[in-house]
Amino acid sequence: MVTLAEVAQHAGVSASTVSYVLSGKRSISASTRERVELSIRQLGYHPNAGARALASSRTNIIALMVPLRTDMYVPVMMEIAIAVATTARTHGYDVLLLTGEEGPAAVRRIAGSSLADAMILMDVEMHDERLPLLRESGRTAVLIGLPADTAGLTCVDLDFEATGALCVEHLSDLGHREIAVIGEAAAVYERHTGFAERTVDGIRAKAQETGVRVLHRPCEGGYAAMAGTLARVYDERPGTTGFIVQNEAAVEPLLNLLQQQGRAVPEDVSVVAICPEQVATQASVRLTSVAIPAQEMGRRAVEQVVAKLAGRGTDEVELLAPELTVRASTGPAPA
């Protein structure tokens, strides 16, 4: 392995000058800095992480808290996590992944140690138990998600209220007056998970505004659960002609069940999904959908962290505007 002394010899400077270039603790002339950085690149030098942390009080690590629950669609969570990791790397940071359902204990563990410089929290609940400790710790953090109280927090998320409203508006414009919402598993709402609750809030507000009747039913996903949910929907609202689906595991079972019942999509029933683009385009009927901008959410969260660590960031809520793409699954309501 190349040593700091070898970099100094190659660049024709002292070892302390190389150290100052790496740490940024002292002002170094532009020409000297360029010469040292060129030697670092040519020799392939990588500073010892432990020594660097001791010298600078920085670890260059971001802790990403992403509880992997069985009732959540893991591919979306991992797409966000990968975007966080790749973006962090471009800024010179590595990512420490915490996937357990530790709650406040995970925040306490990171805040009370030198494991990471900052935290990114995912799977944010409306009244998330992690947030009081996070505020108290004063550690740099960004949330991918939106709690009920955002005071003193930096958050990045898709605007799920606007997403729900956009789905209702699209179906209402097509003449649908009875809409059923196939939601996430019941446990997601029992935890008051932010994205799920905000979507339903947006749906209900727009439905009231447009005079549309809405029935919301959680669903565990899978064929059997979807069959039971669909039967209950038509028992309660036999005139339902529009569906909004926020549950990736329920998409294909719903389309199959509608076909088996002789309900053609979109001639008899229209379906709008809130899901990743891949799920919408690879369904048996190409779905009109609002995509989850997973990569953009992960990228923006890291950029906010980096800005805050550099003293440039502010506490703010950044909501990404939803975009609805019309495909083959929606059409005018049947006469």
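In this numbering scheme, every chain counts its residues from 1 along its sequence in written order. Local features in this predicted model are restricted to residues of pLDDT 70 or higher, and side-chain atom pairs are both shown and tallied only at a pLDDT of 80 or more, whereas totals for entire chains, interfaces and linings draw on every residue. The side-chain values count all of the structure's non-hydrogen atoms but skip hydrogen atoms and water molecules.

### Regarding the domain arrangement of the protein
A common way to express how large an interface is: the accessible area buried when the components associate.
So, step 1. Boundary definitions for the domains trace back to an automatic or database domain assignment. According to the domain assignment, the protein contains domain 1 (4-47), domain 2 (61-158 + 294-320) and domain 3 (160-292).
So, step 2. The C-alpha-based centres of domain 2 and domain 3 are spaced at 29 Å.
So, step 3. Every contact between the two is made by 16 residues of domain 2 and, on the other side, 18 residues of domain 3.
So, step 4. Buried area: the accessible surface (1.4 Å probe) lost by two parts on joining, summed over both. Approximately 1500 Å² of surface area, both sides summed, lies buried where domain 2 meets domain 3, with 60% of it carried by carbon and sulfur atoms.
So, step 5. Sorting the residues of domain 2 by area buried against domain 3 places Asp71, Met126 and Leu158 first, and these three jointly supply 40% of that buried surface. Contact between two residues is taken to exist if any of their heavy atoms lie within 4.5 Å; hydrogens are not considered.

### Quick look at the pairing of strand 2 (residues 94-98)
So, step 1. Strand pairing is assigned whenever DSSP identifies at least 2 bridges connecting the two strands. Counting from the N terminus, the helices are DSSP H or I runs at least four residues long and the strands are E runs at least two residues long. As defined by bridge partners, strand 1 (residues 61-65) adjoins strand 2 across five bridges and the pair is classed as parallel. Paired with Leu64 across the bridge in strand 2 is Leu97.
So, step 2. Orienting the strands away from the viewer, one traces the path from the first strand over the helix to the second; a clockwise path indicates a right-handed crossover. The β-α-β motif built from strand 1, the intervening helix 5 (residues 74-90) and the parallel element strand 2 has right-handed crossover chirality.

### A short note on the state of the cysteines
So, step 1. Cysteine sulfur atoms that pair up within 2.5 Å are treated as a disulfide. A complete count under the given rule lists zero disulfides for this structure.
So, step 2. Considering cysteine sulfurs only, Cys275 is the nearest to Cys219, which forms no disulfide, with 15 Å between them.

### Some remarks on the sheet that holds strand 4 (residues 140-144)
So, step 1. Ordered in space as 2-1-3-4-5-11, the six strands form an open sheet in which the pairing is parallel. Each having just a single partner strand, strand 2 and strand 11 (317-320) make up the two edges of the open sheet. Neighbour-to-neighbour, the strand axes of the sheet open up by a mean angle of 20°, direction not taken into account.
So, step 2. Pairing between strand 4 and strand 5 (residues 155-158): two bridges, direction parallel. Bridge assignment links Leu143 to a residue of strand 5, and that residue is Cys155. Lines fitted to C-alpha atoms define the axes, with helix axes restricted to the stretch in contact, and inter-axis angles between N-to-C directions lie between 0 and 180 degrees.

### Observations regarding the environment of Phe195
So, step 1. Along the polypeptide, Phe195 turns up in helix 10 (residues 194-210).
So, step 2. Along the sequence, Phe195 and Val251 sit 56 residues apart, while their C-alpha atoms lie 18 Å from each other.
So, step 3. With residues near it in sequence (within four places) discarded, Phe195 still touches Met72, Phe160, Glu184, Val188 and Gln246.

### A look at empty space enclosed by the protein
So, step 1. Cavity means a closed set of points on a 1 Å grid over the protein atoms alone, one where a 1.4 Å probe fits but cannot get out, pocket means an open set with protein on both sides within 12 Å along at least 5 of 7 lines, and lining means a residue has an atom within 4 Å of a point. Grid points are joined across faces, edges and corners, and a volume is the space filled by probe spheres set on the points. Inspection of the entire model under this criterion finds two cavities of 30 Å³ or more.
So, step 2. Quantified by volume, the largest cavity comes out at close to 320 Å³.
So, step 3. What lines the largest cavity is a set of 22 residues, and nearest its centre among them are Met72, Val76, Met77, Phe160 and Phe195.
So, step 4. No other element matches the three residues that helix 5 contributes to the lining of the largest cavity.
So, step 5. In the lining of the largest cavity, the residues fall into 14 nonpolar, four polar and four charged.
So, step 6. Of the residues that make up the lining of the largest cavity, three or more belong to each of domain 2 (61-158 + 294-320) and domain 3 (160-292).
So, step 7. Around the second largest cavity, the lining residues are Met65, Val66, Pro67, Leu98, Gly100, Glu102, Gly103, Ala106 and Arg130.
So, step 8. When its residues are assigned to classes, the lining of the second largest cavity shows five nonpolar, two polar and two charged. Gly is put with the polar residues, along with every residue not named as nonpolar or charged; the nonpolar set is Ala, Val, Leu, Ile, Met, Phe, Trp, Tyr, Cys and Pro, and the charged set is Asp, Glu, Lys and Arg.

### Considering the sheet that holds strand 10 (residues 288-291)
So, step 1. The sheet built from six strands is open, its strands ordered 7-6-8-9-10-12 with mixed pairing. Both outer strands of the open sheet, strand 7 (213-218) and strand 12 (324-325), are each paired with one neighbouring strand and no more.
So, step 2. Here four bridges tie strand 9 (residues 270-275) to strand 10, and the two strands are oriented parallel to one another. Within the sheet, the bridge partner assigned to Ala273 lies in strand 10 and is Ser289.
So, step 3. Of the strands in this sheet, strand 6 (178-183), strand 8 (242-245), strand 9, strand 10 and strand 12 are in contact with helix 8 (residues 160-173), which crosses strand 9 at around 165°.

### Quick notes on helix 6 (residues 104-111)
So, step 1. Exposed residues in this analysis have more than 50% of their type's maximum accessible area, buried residues have under 20%, and partly exposed residues fall in between, with area computed by a 1.4 Å probe over protein chains only. Listing the buried residues of helix 6 in full gives Ala106, Val107 and Ile110. Viewed along the axis of helix 6, the buried residues span an arc of 100°, placing them on a single side of the element.
So, step 2. Elements in contact with the buried residues of helix 6: strand 1, strand 2, strand 3 (118-121) and helix 7 (131-137). Working definition: the arc comes from the directions between the helix axis and the C-beta atoms, pointing outward to the latter.

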